[in-house]
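Listed below are the residues making up each chain.
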Amino acid sequence: MPDLITHTKQDESRQGEAYAPFVNDPVSYGKKFYIESYGCAMNFSDSEIVASILQENGFGATRNYAEADLILINTCSIREKAEQTVRKRLNDLRTIKEDKPGALIGVLGCMAERLKSKLLEEEKLVDLVVGPDAYRTLPGLIEEANDGQKAVNVLLSREETYADISPVRLNSNGINAFVSIMRGCNNMCSFCVVPFTRGRERSRDADSIVKECQDLFNQGFREVTLLGQNVDSYYWNTGVNGEIVVTFAQLLERVAQVSPLLRVRFSTSHPKDITDDVLHTMARYENICKYIHLPVQSGSTRILQLMNRTYTREWYLAKVDRIKAIMPDCSLSSDIIAGFCTETEEDHQDTLSIMEYSGYDYSYMFFYSERPGTLAARRYQDDIPEDVKKRRLDEIINMQRKLSHESNLKDLGKTFKVLIEGDSKKSDADWMGRTSQYKVVVFPKAGHALNKGDYAMVTIDDCTGGTLLGKIVQ
Ligand code: 5AD
Ligand code: SF4
């Protein structure tokens, strides 16, 4: 899942970006925790579950790590650089231990799962190592660590979905929220560490998802992003005999029915799994956003095969055609990897041309980083020199710049329904919001009594970089 969010996928392109939660006020808690998250939206969403578990157990959140009794880093393993960023951060935190020897430092998430107790040995300052399916055991592990034991739980589960836990919204603008609908991944993309760090795929109880979305709406939230590594394989059986089945298309519909004022997004879709049923459901509901994150990874059928993506270039292109046929106004984004094992110049040209054909509005672009234990690491040689990977990545980024600019130019003169998310970064005389297609729009507040969370009809008259500029129409 990409830079999830501010740009969802989020996720991934937000590697290294950290955040701390709000301060709980005025409730007083015995102890304080501080949490920083790296990686995908799923990780940010998990931190909200961790915050909930900790609050239930007498820990209040703080934004200031220096005053925390418990410092948690929720980590990502997707590329080597993501892990390096966390190691550097752990080193920086060393000083805290000197000033406050009683404070505990814990590593959560994908790096905890991948490296397990090695983290305790390598990073001498780590007291807790907790994998993505073990957060319910945090209170016990904290006690163990307080008693001076090295506390580790990296057991993966086939059932855990944290369905009953109400996430504590961290750093929230009160408008957009992530809602996790499934965990784990059963695809075995050869480059990817996720099946090893997050385990088998399992779906969350549909009723608990709809209830969470309804509660968010009642609290004033106006947009939910349904999260999963592969949302199209969402599948929920209820009843002892599994008689009622909820597919992803049906779940989307149920969430869309919470209120026409609640926007619904989702991430991430796998090109092999997204169905016509999902596309028609999107088309039927105005409040299901016309935006699909559909990672292609490569435009070459030969490379796609080595990546074990299970579709060809032609299959992908047919999906793009289908989406545009059912929803001509739907925007598309992608994840792209440059320089996968054995990639030739011709394969690379295929990637550039598939980007152009698909007309992506955004992409999250990376060069290949071999991850220990993955199929690719075991089967293929990481044989593309770094300078070639970087040059190809630059060409991919330049192509995306051109496509994003062209896409913005096409929006000039059009009118969009924009959900207001808050003041624009540059001026509180302007609002910032997004279109259904996920484009950022900035427009003057002047003369209109609107608030965060309201919708405005805005005509676009200009654009700068990634932002559309416009004016409210009556
Ligand atoms: N190297 C580079 N990029 C990767 N991704 C996943 N694994 C790797 C890797 N080993 C990218 C994919 C995926 C996104 C989340 O991260 O494009 O869709
Ligand atoms: Fe998210 Fe873990 Fe994958 Fe990083 S490695 S993108 S945190 S699932």
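Since this is a predicted model, take the numbers as computed values, not measurements. (Residues numbered from 1 in each chain as written. Chains lettered and ligands numbered in written order. Predicted model: local features only at pLDDT ≥ 70, side-chain atom pairs only at ≥ 80, totals over all residues. Heavy atoms only, no water.)

### Brief notes about the packing of aromatic side chains
Inference 1: Taken as a whole and assessed by the stated rule, the structure comprises 10 aromatic pairs.
Inference 2: A centroid spacing of 5.2 Å and a plane angle of 5° characterise the contact between Y291 and Y438, whose relative ring orientation is stacked. Of this pair, Y291 sits in strand β16 (residues 291-293) while Y438 sits in the loop between β20 (430-434) and β21 (440-444), and the two are 147 residues apart along the sequence. Across the pair, Y438 and Y291 agree in class, each one buried.
Inference 3: Where Y311 meets Y316, the ring centres are 6.0 Å apart and the plane angle is 35°; that geometry is what we call tilted.
Inference 4: The ring of Y455 carries K417 above its face, with NZ or CZ at 4.7 Å from the centroid.
Inference 5: Sitting above the plane of the W431 ring, K445 keeps its charged end 4.2 Å from the centroid. (Phe/Tyr/Trp six-rings, centres within 6.5 Å; stacked < 30°, edge-to-face > 60°. Helix = DSSP H or I, 4+ residues; strand = E, 2+ residues; numbered from the N terminus. Buried < 20%, exposed > 50% of the residue type's maximum accessible area, 1.4 Å probe, protein only. Lys NZ or Arg CZ within 6 Å of the ring centre and 35° of its normal.)

### A closer look at the site of ligand 1
Inference 1: Taken together, 13 residues lie near ligand 1, and R79, F191, Q297, D335 and S369 sit nearest.
Inference 2: The side chain of Q297 places a nitrogen or oxygen atom 2.6 Å from an oxygen atom of ligand 1.
Inference 3: D335 is positioned such that a nitrogen or oxygen atom in its side chain is 2.6 Å from an oxygen atom of ligand 1.
Inference 4: Relative to its unbound accessible surface of 400 Å², ligand 1 loses 96% to contact with the protein. (Near = heavy atom within 4 Å. Polar contact = N/O pair within 3.5 Å; in protein donor to acceptor, adjacent residues only side chain to side chain. Areas by Shrake-Rupley, 256 points an atom, 1.4 Å probe, with all protein chains shown as cover.)

### Thoughts on the pattern of salt bridges
Inference 1: For the structure shown, the criterion picks out 38 salt bridges.
Inference 2: R198 is paired through a salt bridge with D46; the nearest N and O atoms lie 3.1 Å apart. Separated by 152 residues along the polypeptide, R198 in helix α8 (residues 194-198) and D46 in helix α2 (residues 41-56) bring together distant segments of the chain. For the pair shown, R198 and D46 are each scored as buried.
Inference 3: Measuring nitrogen to oxygen at the nearest pair gives 3.9 Å for the salt bridge that ties K88 to D92. You can see K88 and its partner D92 sitting in helix α3 (residues 80-92), 4 residues apart, about one turn around the helix.
Inference 4: Each of D46, D133, R183, R198 and R202 takes part in salt bridges that share partners, so that together they form one network. (Salt bridge = Lys/Arg side-chain N within 4 Å of Asp/Glu carboxyl O.)

### Digging into the site of ligand 2
Inference 1: Close to ligand 2 lie 11 residues; C40, C76, C110, V194 and R198 are nearest.
Inference 2: For the shell around ligand 2, the residue count by class is 5 nonpolar, 4 polar and 2 charged.
Inference 3: Both of domain 1 (7-153) and domain 2 (176-410) provide at least three residues apiece to the shell around ligand 2. (Nonpolar A, V, L, I, M, F, W, Y, C, P; charged D, E, K, R; others polar. Domains from an automatic or database assignment.)

### A short note on the side chain of S363
Inference 1: Looking at where S363 falls in the secondary structure, it is placed in strand β18 (residues 362-367).
Inference 2: At 2.8 Å, the side chain of S363 and the side chain of Q400 are in polar contact.

### Focus on the nonpolar core
Inference 1: Grouped together as the largest cluster of nonpolar side chains are 55 residues, with contacts concentrated most on L226, F248, L251, F266, M282 and I292.
Inference 2: Apart from the residues lying within four places of it in its own chain, the contact partners of I292 are F266, S269, I274, L279, M282, I323, M327, C330, S331, L332 and S333.
Inference 3: Counting 26 residues, the second-largest nonpolar core is a separate cluster that includes L54, L70, V130 and L170. (Core = buried A, V, L, I, M, F, W, Y, C linked by side-chain atoms within 4.5 Å. Contact = heavy atoms within 4.5 Å.)

### Notes on the packing of helix α11 (residues 276-284) against helix α13 (residues 313-326)
Packed helix pairs are characterised by how far apart their axes lie and by the angle those axes make with each other.
Inference 1: It is at 10 Å that the axes of α11 and α13 come closest, and there the two elements cross at 30°. When the interaxial angle is binned, α11 and α13 end up roughly parallel. α13 is crossed by α11, and the crossing has right-handed handedness. Across from D276, L279, H280 and A283 in α11, the residues of α13 making contact are R322, I323 and I326.
Inference 2: When grouped by side-chain class, the residues that make up the contact of α11 with α13 number 4 nonpolar, 1 polar and 2 charged. (Axes fitted to C-alpha atoms, helices over the stretch in contact; angles between N-to-C directions. Parallel < 35°, antiparallel > 145°, perpendicular 65-115°, else oblique. Left-handed = near helix turned anticlockwise from the far one by under 90°.)

Remember, this is a structural readout, not a statement about activity or role.
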